Amino acid sequence: MKNINIDMKVKLIHGFSNKTRIQILECIKNQEKTVSQIVEEIKGNQSNISQHLACLKGCGIIVGRNEGKYCYYGLRNQEIRELLTMFDVVLEDVQSDVACCKHHIY
């Protein structure tokens, strides 16, 4: 594996560092969806969801596919899906520590 620039790594991880973005990723984890479907499923507003989709797409975490008048969003690849699953696996092990942590800034 080639040497990864730490600033690039931070930018990628930032894509996962927001509640709405995580909700979007979980929403499209197993099936691509339109903005309207995402808005309805996570109970957000379209403007906010669209901004977060742009962030996720800009970070290369998701891709958009146009079909007719709709754009379908999905995860970029299987590795992103596995990373989301790995977050869940790790969280199971450290959940009580995370719950008590006072050093997180939201």
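Residues numbered from 1 in each chain as written. Predicted model: local features only at pLDDT ≥ 70, side-chain atom pairs only at ≥ 80, totals over all residues. Heavy atoms only, no water.

Draft legend 1. The pattern of salt bridges, seen in detail. Within this structure, the stated rule accounts for 4 salt bridges. Note that Arg65 is salt-bridged to Glu32, the shortest N-O span being 2.1 Å. Note that Arg65 is positioned in strand 2 (residues 62-67) and Glu32 in the loop between helix 2 (19-27) and strand 1 (33-34), a separation of 33 residues in sequence. Given the relative accessible area of 33%, Arg65 is considered partly exposed. Arg65 is the partner of Glu67 in a salt bridge, and the nearest nitrogen-oxygen pair spans 2.6 Å. (Salt bridge = Lys/Arg side-chain N within 4 Å of Asp/Glu carboxyl O. Helix = DSSP H or I, 4+ residues; strand = E, 2+ residues; numbered from the N terminus. Buried < 20%, exposed > 50% of the residue type's maximum accessible area, 1.4 Å probe, protein only.)

Draft legend 2. Main features of the packing of aromatic side chains. The tally for this structure, following the rule as stated, stands at 1 aromatic pair. Relative to Phe87, the ring of Phe16 has its centre 5.5 Å away and its plane inclined at 75°; by these criteria the two rings are edge-to-face. Linking Phe16 in the loop between helix 1 (6-14) and helix 2 with Phe87 in helix 5 (residues 78-100), this pair joins segments that are 71 residues apart in sequence. Residue class for Phe87 comes out partly exposed when judged on its relative accessible area of 37%. (Phe/Tyr/Trp six-rings, centres within 6.5 Å; stacked < 30°, edge-to-face > 60°.)

Draft legend 3. Main features of helix 5. Over its 23 residues, helix 5 runs 32 Å from end to end, which matches the ideal 33 Å to within 8%, given 1.5 Å per residue. Maximum bend of helix 5: about 75°, positioned at Val94. The backbone nitrogen of Glu79 has a side-chain oxygen 3.2 Å away, supplied by the residue at the start of helix 5, namely Asn77. (Expected span 1.5 Å × (residues − 1). Bend = angle between axes of the 7 residues up to and from the residue. Polar contact = N/O pair within 3.5 Å; in protein donor to acceptor, adjacent residues only side chain to side chain.)

Draft legend 4. Expanded view of the packing of helix 2 against helix 3 (residues 35-42). Interaxial distance between helix 2 and helix 3 falls to 10 Å at its minimum, and their mutual angle equals 115°. Our classification of the angle between helix 2 and helix 3 gives roughly perpendicular. For the pair helix 2 and helix 3, the sense of crossing is right-handed. Only Ile38, Glu41 and Ile42 of helix 3 make contact with helix 2, whose side of the interface consists of Thr20, Gln23, Ile24 and Cys27. Residues that form the contact of helix 2 with helix 3 fall into these classes: 4 nonpolar, 2 polar and 1 charged. (Axes fitted to C-alpha atoms, helices over the stretch in contact; angles between N-to-C directions. Parallel < 35°, antiparallel > 145°, perpendicular 65-115°, else oblique. Left-handed = near helix turned anticlockwise from the far one by under 90°. Contact = heavy atoms within 4.5 Å. Nonpolar A, V, L, I, M, F, W, Y, C, P; charged D, E, K, R; others polar.)

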